[in-house]
Amino acid sequence: MDENQEEDLSIAEVIEVPQVGLIHVAAHICLDILDSARHRRKLYVGEWLPEPVPDGTTTVAPTPGRASVTLGRSTALMVVRESLTPAARAAFVLRDMFALSFGEVAAVVGRSPQMCRNVASSACRYVRDRRRQETASDVHTRIVTAFWAACDTRDLAALVSLLDPEATTLSDGGGKVRAALKPIHGADRTARFMLAALLQYPKLEATLQSVNGRTGLVLRHETTVSGVVSFHVQGEKITDVWLVLNPDKLRSWNHS
């Protein structure tokens, strides 16, 4: 065997690294990133929300014996996933999306296979229950459209009627722009907060656009996106309003 053949074989060996091994390496890197992110959020000013994105789906490459998986990235599901511990998120993704055995998952997250089974099952139920609560896309769009119409006409009564009595609003300014530092609870308080916020910016323009795969509101001052609002609609009522104002999280909207 000549030197060129030996070189070709070594290259082939590198290329044919088992996919599971690559998943393990990537998972360890992600766990480190998640741990670091959780630490940073403890120092974050006010409420923290995931970054809104214009396109709401991601396709994961297929694993052996499984088709490719399309992950929903609605804000509701992103918020739910962010509430999970790094180990729970890793166990959920590795088991549900990549079909790793619980023994393989345990090797990645540093837990026993039984604990990984319990954590992954619990996380899976948590995420899927939240997904089942989401209303149909056409209903969601209709409710959000009516919400903005009520905001635009400053119709407090109409706005309150669209909100669940226990509705919650979170606004994320990251300490860089003015935002509510704590959650706002209740339909009346949420409606008044939204109207008061809009009155502060009379030249603000809003458009209905896809935010994380669901209809939301994109707020612009002149040509700059200054806020993105997403919603969780259950039945015919808005249960959650998420308002991202931190300019660091709006770069994809201003440089697309």
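Scroll up to find the structure this text is about.
Just so it is clear, the model here is predicted, and its values are computed rather than measured.

Cut-offs and rules
- Residues numbered from 1 in each chain as written.
- Predicted model: local features only at pLDDT ≥ 70, side-chain atom pairs only at ≥ 80, totals over all residues.
- Heavy atoms only, no water.
- Axes fitted to C-alpha atoms, helices over the stretch in contact; angles between N-to-C directions.
- Helix = DSSP H or I, 4+ residues; strand = E, 2+ residues; numbered from the N terminus.
- Left-handed = near helix turned anticlockwise from the far one by under 90°.
- Contact = heavy atoms within 4.5 Å.
- Nonpolar A, V, L, I, M, F, W, Y, C, P; charged D, E, K, R; others polar.
- Pairing = 2+ DSSP bridges.
- Salt bridge = Lys/Arg side-chain N within 4 Å of Asp/Glu carboxyl O.
- Buried < 20%, exposed > 50% of the residue type's maximum accessible area, 1.4 Å probe, protein only.
- Polar contact = N/O pair within 3.5 Å; in protein donor to acceptor, adjacent residues only side chain to side chain.
- 1 Å grid on protein atoms, 1.4 Å probe; cavity = no way out; pocket = protein on both sides within 12 Å on 5 of 7 lines; lining within 4 Å.
- Points joined across faces, edges and corners; volume = space filled by probe spheres on them.

Caption draft 1: Spatial organisation of the packing of helix α4 (residues 86-96) against helix α5 (residues 102-109). For the pair α4 and α5, the least separation of the axes is 10 Å and the interaxial angle reads 145 degrees. Considering only the axes of α4 and α5, their crossing is right-handed. Residues A87, A90, A91, L94 and R95 of α4 form the contact with α5, whose participating residues are F102, V105, V108 and V109. For the contact of α4 with α5, the residue count by class is eight nonpolar, no polar and one charged.

Caption draft 2: How the structure looks around the sheet that holds strand β7 (residues 224-234). Pairing in this open sheet of six strands is mixed, and the strands run β4-β3-β8-β7-β6-β5 from one edge to the other. Only two strands of the sheet have a single neighbouring strand rather than two, namely β4 (184-185) and β5 (204-211). Taken together, the five bridges between strand β6 (residues 214-221) and β7 define a ladder with antiparallel strand orientation. Bridge assignment links R220 to a residue of β7, and that residue is V225. In the packing of helix α7 (residues 137-152) onto the sheet, the strands contacted are β3 (163-172), β5, β6, β7 and β8 (237-244), and the crossing angle to β6 comes to about 30 degrees. The strands touched by helix α9 (residues 187-199) within the sheet are β3, β4, β5 and β8, with β3 carrying the most contacts at an inclination of about 40 degrees.

Caption draft 3: Inspection of the pattern of salt bridges at higher detail. Here the structure, examined in full by the defined rule, presents five salt bridges. Between K249 and D172 there is a salt bridge, with its nearest N and O atoms 2.6 Å apart. Residue K249 is located in the loop between β8 and α10 (251-254), and its partner D172 is located in strand β3; the two are separated by 77 residues in the primary sequence. Accessibility expressed as a relative area gives 8% for K249, which makes it buried. Across the pair D248 and K176 runs a salt bridge whose closest N-O atoms are separated by 2.3 Å.

Caption draft 4: Seen up close, α4. Burial of α4 is extensive: eight of the 11 residues sit out of reach of the surface. Burial in α4 covers these residues: P86, A87, A88, A90, A91, F92, L94 and D96.

Caption draft 5: Inspection of the side chain of D172 at higher detail. The exposure class of D172 is buried, given its relative accessible area of 0%. For D172, the side chain forms a polar contact with the side chain of K249, separated by 2.6 Å. Apart from residues lying up to four places away in sequence, D172 is in contact with Y44, E47, W48, L49, A179, L243, V244, L245, N246 and K249.

Caption draft 6: Highlighting the environment of L199. Among the secondary structure elements, L199 is positioned in helix α9. Judged by relative accessible area, which is 58%, L199 ranks as exposed. Between the C-alpha atom of L199 and that of C151, which follows or precedes it by 48 residues, the distance is 10.0 Å.

Caption draft 7: The arrangement of the pairing of β5 in detail. Here β5 runs beside β6; their pairing, made up of eight bridges, is antiparallel. Bridge pairing links L204 to H221 in β6. Connecting β5 to the next strand, β6, in antiparallel fashion are two residues, including N212 with a positive phi near 55 degrees.

Caption draft 8: Empty space enclosed by the protein, seen in detail. Following the criterion strictly, the structure yields two cavities of 30 Å³ or more and no others. Put simply, the largest cavity is a space of about 70 Å³. Along the walls of the largest cavity sit 12 residues, with S74, E134, H140, R214 and F231 positioned nearest its centre. Every element with two or more residues in the lining of the largest cavity is listed here: α3 (75-82), β6 and β7. Considering every element that reaches the lining of the largest cavity, the biggest residue donor is β7, with four residues. Residue composition of the lining of the largest cavity, grouped by class: four nonpolar, six polar and two charged.

Caption draft 9: Molecular detail of the layout of surface pockets. Taken as a whole, the second largest pocket encloses approximately 500 Å³ of empty space. Surrounding the second largest pocket, 23 residues form its lining, R178, A197, Q200, Y201 and L245 being those nearest its centre. Elements with a minimum of two residues in the lining of the second largest pocket: α9, β6 and β7. The element best represented in the lining of the second largest pocket is α9, accounting for five residues. Class assignment of the residues belonging to the lining of the second largest pocket gives a composition of 16 nonpolar, six polar and one charged.

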